[in-house]
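One-letter residues, chain by chain:
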Amino acid sequence: MHAVLDEVDLELQSGASAAIVGRSGSGKSTLLNLLSGIDRPDGGTIELDGREIGQLREPARTVLRRESIGFVYQFFNLIPTLSVEENVLLALELKGMRGAQARHRTRGLLDRVGLGSRAASTVDMLSGGEQQRVAIARALVHEPRLVLADEPTGNLDEATAREIVPLLTELVREREAMLIVVTHDRALAAAADRVWELRDGRLHEPQGSSEGA
Amino acid sequence: MSRTLWAASARHLLRRPAQLILALIGLALGVATITAVDIATASANRAFELSLDAVSGPATNEITAGPAGLDEQLYISIALREPELAPVPLLEGYVTIGDEAFQLVGVDPLAAANASAERAADGPQAIGTLQAAGAPRAQQPAPGTEALGGLDELRRWLTEPGAAIMAASSARRLGLTVGSRFEIAAGGRPFTAVLIAEDASGLPGREGLILTDIAQAQEWLGARGRLSSIELRAPRDAAGLAALTELRAQLPHGVELQPVGRRSRTNLDMTRAFATNLHAMSLLALLVGLFLIYGAVSFAVLQRRRTFAVLRALGATRLEIVRLVMLESLLLGVAGALLGLGAGVALGRVLIALVSRTINDLYFVVAVNTVALPHGALATAVGAGVVTALLAAVLPAWEAARIEPQLGLKRSTLEVRAAAIARALVLASVVFALGSGAIVLMTSRSLLAGFVALFLLLLAVAGVTPALLGAVAQAGARVCRRSPVGRLALGGVASSLSRTGVAVASLGLAIAAMIGVSVMVGSFRDSLHEWLIRTMRADLYVTVPGPGFGRPERRIEPRVLAALTSVPGIAHFTATRNAIVDSPRGPISIAAVSFTPQMQTGIELVGERDRAAREAWEAFAHGAVFMAEPLAWRLDMHRGSSLTLETASGARRFEVAGLYREYGNGRGGVLMDRDVYRHWWGDEGVSSVSLSLAQGVEPADVVAALRRAAAGHQAIFIGSNADILALSMSIFDRTFVITRVLYWLAAGVAAIGLTSSLLAWELERARELGVLRSLGLTPGGAAALIEAQTIFMGLVAFVAAVPAGLLAAELLVTVINRRAFGWLIDFHLQGAQLANALWLAVAAAAAAGVYPAWRSARASIAAHLREE
């Protein structure tokens, strides 16, 4: 058996953001899967607000994801058959919030990401940057404690990425959530409070950085 | 569950309308077939019940006797002795007007009026005895009362020769009005009738009836002084029971008192096996539909695997995903069921004609004029559609729930899994096949077990097909090394088992069923043909035309018989009387024959060697009977058993001297020496006569002489053995039209499934096709590639279906037919049957590929290459 991650020790406070960089195949996505409860670690502990994620059974981990975690993907992963508004609303409905309150919150966040006027559009009519804005809104609308972003600028041009990065970090900070972002994008990594490099299954401080794990 | 989630689900389905529509059509066809068979069999049963009710009216019991009927003096004595039982005499028979058969009912309006007076407490006085079903009997109008409303009509009824009443709708159809004279044929003899009144009640069951005075009916049916039955209405209390018991004790030998309709309803039971076969065929269509829904739902899941993965990441539980997929399927099932219900009613009208024709050919005369929608049909249709759809969705839903909350399964992972499932299915197929064999060996008479074994066998084919498809396609791809396009085509089939496997399995299942059924029908047809050739030793056959097997009115007039048999050129003849007599095991058909030694060779005694056969014939001459295989199977009798029959002088046991092969009568019967029959039943009638001509005599000359002999006395049907052979084979072919219709429907459902699968597959590999097109593949080449792949899949479906189809045929011939009807059929296989199956497989596959091929050829390369 090949150990992808070995004795990774990572701690983050509310409102803080962290970037994890590393080469392809270094285990970045595995780390995100472990943090989100999608995979279970062979050993060690993963705690979110004092709850031991690794020990939870699958249904409980699903509930944890819907209540406490938001995802932003490289390829957006929006539901193509839903409108912009419905894509965002879905995260609230899964959490159990419906009706006017859910709609109000969704509209507010769409306005915040600059897509209030496109609420009724279908997502395949949007540009890549707009789709990622929708994805960011969806990741934050249910006010998660933790936002996990997997190469959120990986599928965007540089100019669009420059717009998206501050939007994401700002929205996360406003909600005092934690942000962990896996990226190759130096600009995005630089915007995070802390940066780690994942190498040989362990987290290291990047060369020239004073911060560490 | 989230409304937005539902919206996403609905929109996904609606975005691929072709797939949705094809799945709906497939399921609807399956449900329609079930509904149509329900309607057709229920309508025939209903028509039978209505005609029974219309004739028997409010009677509770009836007195009946053997083929010669009752002496009318018995009625007089009962009417005098037991007036409280309100006896009413009836004489029934079948007549034809033009080509249309009617039930002739002779009634005595005065007797009926007396009976009504006895029933005064129940309601208004009634002259006639006919009552319609449905409304409370005491308040029902009696047709006699309505139609003979005035004194003038009653006077004409009693005094005018040929006076008759029929339903207004029948009169309209025949172009008759009150006062019209028309020709009526009874037992081949023409009579003139006059319509004195119309029954305008429009009540069901009346359309097939003609009413006349009992004396008139006796004349027309050649039954002077005879009655078919005496209807009684006994109070439902201890006194009524006592009166019936007392009357029963006083009845002469050979006369039965029983609840009304019991005897006739036994006829209805005879059709049960026929109906079971129809239901089984319709289930086959639904089974194929199940594969189709499975295909549609699993494609819908596969296409959304990324969506499901995202939903899982966002927090949708496995249960929510399962619920989503199952609910989609449920809605599909309900929609398909409702569509199928509508289509089934339309299809049912077509099947009614086929079913009633078969029943009239094989069982009894019934005119099905109204469509009965059985109470359970709606529930059955919706239930069948929904259960099928839900069953079909179980695996895809499970598959969807297993999708990990990531970026979705990679296609290669899916195909690896599909290949593993295909291998597991081979094992399952072995289990199914072994189970099928075990069921056959462990049961001996259960028809249901026979069908379960058949369905398991067909499922075994479906299970083994994906693995076979993968293996053959891989081998083909290796063979096509020098042709990249060929390798691509075959390699694509092999590497897309998750798409192609199910579609080809369902096609293979339909083809196997087709081979099985067509080989069974062909074997039956050949066995019948051989039997007819063996049985028909005479040159000419003379019979009386008219509806109904064993009807007493179908009798050659004695003077006509004498004239016919004295025509020059006849070497010898055999006279036969067909009759239906009662027995404790239900009505039994008797063919009473005065065999000449030459004609004995036409009877094939089953399993008897020369000496035993000689002994059997000796016993036959001394009063024993031969029993047809179907009847022996049904009654579980064999050589040496004894059969009790109600003779004119009471119940008597007849030894069964041997069993004989018989395909002429679907329910089987017994052969008896005509002298023995005459002795016990006192019936001198002759239903048919077979004539062997002297050497050198021209049959045409004899036919002309026979016609001259009967002219002016009685219409007769004369047929050469070639005519009878052709007629018998055409009746046989007619009987199996419905079977063919049903298996074509199953094949249609399978072809739709294949189209649906191909469309989904095409969507999946649009990018791959776009790349090929950009590399120089022409639109025609893209279409040809898809067509080649589908035809290849059709061929594999055929290859998988052949052994299973032959096994299914063996099962149908030796197990299902035996258990359903008691027939022993020799297995006959013809190359044309396999060629037809091959043609069907290739044609269905090629037709299924047309639309996807056309779409691929027209698709924009740029659009395909742009797709993420």
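Everything quoted here is computed from the prediction, not taken from an experiment. (Residues numbered from 1 in each chain as written. Chains lettered and ligands numbered in written order. Predicted model: local features only at pLDDT ≥ 70, side-chain atom pairs only at ≥ 80, totals over all residues.)

**A closer look at the overall build of chain B**
Secondary structure assignment for chain B yields 30 helices and 20 strands. Per-residue burial for chain B yields a buried fraction of 52% across its 868 residues. Put simply, of all contacts in chain B between residues at least 6 apart along the chain, 84% involve residues at least 24 apart. (Helix = DSSP H or I, 4+ residues; strand = E, 2+ residues; numbered from the N terminus. Buried ≥ 20, exposed ≤ 12 C-beta atoms within 10 Å, placed from the backbone. Contact = placed C-beta atoms within 7 Å.)

**As for the environment of I439 of chain B**
Residue and element names in this part refer to chain B. The topology assignment puts I439 in helix α15 (residues 411-442). Owing to 20 C-beta atoms within 10 Å, I439 belongs among the buried residues under this scheme. Between the C-alpha atom of I439 and that of A449, which follows or precedes it by 10 residues, the distance is 6.6 Å. Beyond its immediate sequence surroundings of up to four residues, I439 is in contact with A449, V452 and A453.

**A word on the nonpolar core**
All names here are of chain B. Counting residues in each nonpolar core, the largest one holds 196 residues, and the members touching the most others are L457, L458, I511 and A808. When residues in this core are grouped by element, the largest group, 21 residues, is from helix α28 (residues 779-821). Every residue in contact with I511, bar those within four places of it in the chain, is listed here: A797, F798, A801, G805, A837, L840 and A841. Of all hydrophobic cores here, the second largest spans 48 residues; its members include F102, A164, I165 and A193. (Core = buried A, V, L, I, M, F, W, Y, C linked by C-beta atoms within 7 Å.)

**Quick look at the interface of chain A and chain B**
Interface extent is often summarised as the accessible area lost during association of the parts. Contacts between the two partners involve 19 residues from chain A, matched on the other side by 20 residues from chain B. Within the residue set of the side of chain A that touches chain B, elements represented by two or more residues are α2 (58-68) and α3 (84-95) of chain A. If one sorts the elements of the side of chain A that touches chain B by residue count, α3 of chain A sits on top with seven residues. Partitioning the side of chain A that touches chain B into residue classes produces 10 nonpolar, four polar and five charged. (Nonpolar A, V, L, I, M, F, W, Y, C, P; charged D, E, K, R; others polar.)

**Some remarks on the packing of α28 of chain B against helix α29 (residues 831-858) of chain B**
All names here are of chain B. It is the contact of α28 with α29, at a shortest axis distance of 7 Å, that shows an interaxial angle of 150 degrees. What the angle tells us is that α28 and α29 run roughly antiparallel. Considering the relative orientation of α28 and α29, their crossing is right-handed. Its residues assigned to classes, the contact of α28 with α29 shows 24 nonpolar, six polar and one charged. (Axes fitted to C-alpha atoms, helices over the stretch in contact; angles between N-to-C directions. Parallel < 35°, antiparallel > 145°, perpendicular 65-115°, else oblique. Left-handed = near helix turned anticlockwise from the far one by under 90°.)

**With respect to the sheet that holds strand β14 (residues 588-593) of chain B**
All names here are of chain B. Spatially, the nine strands line up as an open sheet ordered β16-β17-β15-β18-β14-β13-β19-β12-β20, and their pairing is mixed. Two strands close off the open sheet at either side, each with one partner strand: β16 (642-647) and β20 (717-720). Each adjacent strand pair in this sheet contributes to an overall mean axis angle of 30 degrees, direction not counted. Of the strand pairs in this sheet, strand β13 (residues 570-581) and β14 are connected by six bridges, and their pairing is antiparallel. Across the sheet, the residue bridging to R577 is A592, located in β14. Taken strand by strand, helix α21 (residues 610-621) contacts β15 (625-628), β17 (650-660) and β18 (669-673), and its axis lies near 160 degrees from that of β17. (Pairing = 2+ DSSP bridges.)

**What about the packing of helix α19 (residues 558-565) of chain B against helix α24 (residues 699-710) of chain B?**
Residues and elements named next belong to chain B. In the contact formed by α19 and α24, the axes pass within 9 Å of each other and the chain directions differ by 155 degrees. What the angle tells us is that α19 and α24 run roughly antiparallel. Crossing handedness for the pair α19 and α24: right-handed. Counting all contacts with α19, which are made through V560, A563 and L564, the residues of α24 involved are L706, A709 and A710. Its residues assigned to classes, the contact of α19 with α24 comprises six nonpolar, no polar and no charged.

**Regarding helix α14 (residues 375-401) of chain B**
The terminal C-alpha atoms of α14 of chain B lie 38 Å apart, and with 27 residues this matches the ideal 39 Å at 1.5 Å per residue to within 8%. The largest bend along α14 of chain B measures about 40 degrees and falls at V394 of chain B, with the proline P396 of chain B one to four residues further on. (Expected span 1.5 Å × (residues − 1). Bend = angle between axes of the 7 residues up to and from the residue.)

**Focus on the confidence of the model for chain A**
Detail in the predicted coordinates should be disregarded across regions flagged by low pLDDT. Residue and element names in this part refer to chain A. Taken as a whole, chain A shows an average pLDDT of 83; of its residues, 92% reach a score of 70 or greater. When pLDDT is averaged over each element of chain A, helix α4 (residues 99-112) comes out on top at 92 and strand β2 (residues 47-48) at the bottom at 80. When the criterion is pLDDT under 50, residues 209-213 qualifies, and its contacts beyond four places in sequence or with other chains add up to nine contacts. (pLDDT = per-residue confidence, 0-100.)

**Side note on the pairing of β17 of chain B**
Residues and elements named next belong to chain B. By the bridge criterion, four bridges tie β15 to β17 in an arrangement that is parallel. Its bridge partner lying in β17, V625 is registered against V656. Inspection of the sheet shows β16 paired to β17 by six bridges, in the antiparallel sense. Its bridge partner being in β17, E646 is matched across the sheet by A651.

**Observations regarding the sheet that holds strand β1 (residues 17-21) of chain A**
Residue and element names in this part refer to chain A. Ordered in space as β4-β5-β6-β1-β7-β8, the six strands form an open sheet in which the pairing is mixed. The sheet is open, and its two borders are formed by β4 (69-72) and β8 (202-204), each paired with just one other strand. With strand direction ignored, the average angle separating the axes of adjacent strands in the sheet is 25 degrees.

**Topic: the pairing of β13 of chain B**
Residues and elements named next belong to chain B. In terms of burial, β13 is largely enclosed, as nine of its 12 residues are buried. The pairing of β13 with strand β19 (residues 688-693) spans six bridges and is antiparallel. Following the sheet pairing, A575 is matched in β19 by V689.

**A word on the confidence of the model for chain B**
Residue and element names in this part refer to chain B. Averaged over every residue, the pLDDT of chain B is 79; the share at 70 or more is 80%. Confidence scores differ between elements of chain B, with helix α5 (residues 143-147) showing the lowest mean pLDDT of 49 and β15 the highest of 94. The low-confidence segment residues 120-145 (pLDDT under 50) makes 68 contacts with residues lying over four places distant or belonging to another chain. Note on residues 407-412: pLDDT under 50 across the span, and nine contacts to partners over four residues away in sequence or across chains. Across the assembled chains, the prediction reports ipTM 0.73 with pTM 0.63.

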